[in-house]
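Tertiary structure, described
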Amino acid sequence: MSWLHAPMPVKPVVRDANPSDRQRLATLVHFETHVHRHLDWRPPLDWLGSSPYLVVEKGRSLLAALACPPDPPGMAWIRLFAVGAELSAAEAWQMLWPTARHQLEKQNIQHVAAIALQTWFGDLLEASQFVHQHDVVMLVWEQGTPAEPAEMPFSIVRPMQIEDLPAVQALDAAAFGLVWRNSLAGLEMAFGQAAVASVVENEAGIIGYQISTAGPFGGHLARLAVHPDFQGQGIGYTIVCDTLDQFTRRGVMRVSVNTQHNNEASLALYQRAGFRKTGEAY
């Protein structure tokens with residue numbers, strides 16, 4: 001009689017991701033069904049080396065990944081959650097999120113946010129005591145849409161320069177709460193990807209800015225801010241109209257923008273400029 005020793009089953013383990021995981025992470029991100037990617041200037045793999053960035057590994061296979069490194073300081077967004085076929089999304093989340101949360105607590109991070117683009121991910125967040133604060137709604141402008149003319153309120157709109165970014169970041173921090181702020185590094189990356197980037201300037205300095213991107217489906221007004229001391233004076237509307245004019249001169253037929261569903265001031269500004277709601281909300 002002969003006996004065979006059956007190998008012990010390999011159990012999945014949770015560990016920090018490292019640069020050698022890049023190719024397997026790329027496969028996970030691009031080919032699996034359950035993938036959440038944050039609407040970000042940086043692609044998910046570019047966050048490798050930051051913490052928390054975790055994977056579930058079984059043998060040589062990566063089964064899932066979760067990345068939520070803080071940026072700006074004090075605030076973390078869930079930038080990637082990807083799950084392969086061997087695990088359910090709930091199983092992967094239950095394995096990864098407690099470790100990520102522990103790492104964030106060690107960094108004294110008190111706020112974690114996500115924009116759930118899919119229902120399954122939103123359900124996981126709510127089950128983990130994330131609180132639904134508001135929806136992000138999409139609006140679109142199409143060339144030829146009439147808009148009220150803008151009046152220049154003793155300021156000028158000019159192209160943004162790279163040396164403007166520290167002042168732009170200071171304005172951004174003044175205009176937005178912690179959840180929606182951009183770090184200087186984030187703004188540098190946004191500026192590098194911009195199709196149109198502008199600032200509004202007067203004797204006080206830079207008092208408003210916008211950064212817009214372009215793709216095969218048109219332009220996207222990705223970021224707009226006016227310093228709180230100068231809000232309500234038509235500056236935001238002026239820079240939106242200038243941005244639409246720049247896109248029009250480049251032959252762009254369609255421009256999108258998004259904002260919070262309860263941001264009445266932004267909604268009124270965009271609708272005044274000719275944007276209409278698409279019905280999409282996240």
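Structure first, text after, so check above.
**Details of the packing of aromatic side chains**
Counting across every chain of the model gives nine aromatic pairs. Relative to W180, the ring of W77 lies with its centre 5.4 Å away and its plane at 50 degrees, an arrangement referred to as tilted. Placement of the pair is W77 in strand 5 (residues 75–77) and W180 in the loop between helix 4 (165–175) and helix 5 (184–193), with a sequence separation of 103 residues. By relative accessible area, W180 is classed as partly exposed at 23%. Plain terms: the ring middles of F81 and W93 are 5.2 Å apart, the flat faces sit at 85 degrees to each other, and that makes the pair edge-to-face. One end of the pair, F81, is in strand 6 (residues 80–83); the other, W93, is in helix 2 (residues 89–106), with twelve residues separating them in the sequence.

**Some remarks on unusual backbone geometry**
Cis peptide bonds are those with omega within 30 degrees of zero, and the linkage from S51 to P52 qualifies with 5 degrees. Within the element layout of this structure, P52 appears in the loop between strand 2 (34–37) and strand 3 (53–58). Cis rather than trans, the peptide bond between D71 and P72 has omega equal to 0 degrees. Of note, P72 is situated in the loop between strand 4 (61–67) and strand 5.

**Here's the deal with the sheet that holds strand 4**
Sheet architecture is open: five strands sit in the order 1-3-4-6-2, paired in antiparallel fashion. The open sheet has two free edges, formed respectively by strand 1 (13–16) and strand 2, since each of these has just one partner strand. Neighbouring strand axes in the sheet, compared pairwise and without regard to direction, differ in orientation by 20 degrees on average. Inspection of the sheet shows strand 3 paired to strand 4 by six bridges, in the antiparallel sense.

**Regarding the sheet that holds strand 10 (residues 196–202)**
If you walk across this open sheet you meet the seven strands as 9-10-11-12-13-8-14, and the pairing is mixed. Here the strands that pair on one side only, and so sit at the sheet edges, are strand 9 (156–159) and strand 14 (276–281). Going across the sheet, the axis of each strand differs from the next one's by a mean of 30 degrees, ignoring polarity. Relative to strand 11 (residues 205–215), strand 10 runs antiparallel, the two sharing seven bridges.

Rules used throughout
Residues numbered from 1 in each chain as written. Predicted model: local features only at pLDDT ≥ 70, side-chain atom pairs only at ≥ 80, totals over all residues. Heavy atoms only, no water. Phe/Tyr/Trp six-rings, centres within 6.5 Å; stacked < 30°, edge-to-face > 60°. Helix = DSSP H or I, 4+ residues; strand = E, 2+ residues; numbered from the N terminus. Buried < 20%, exposed > 50% of the residue type's maximum accessible area, 1.4 Å probe, protein only. Pairing = 2+ DSSP bridges. Axes fitted to C-alpha atoms, helices over the stretch in contact; angles between N-to-C directions.

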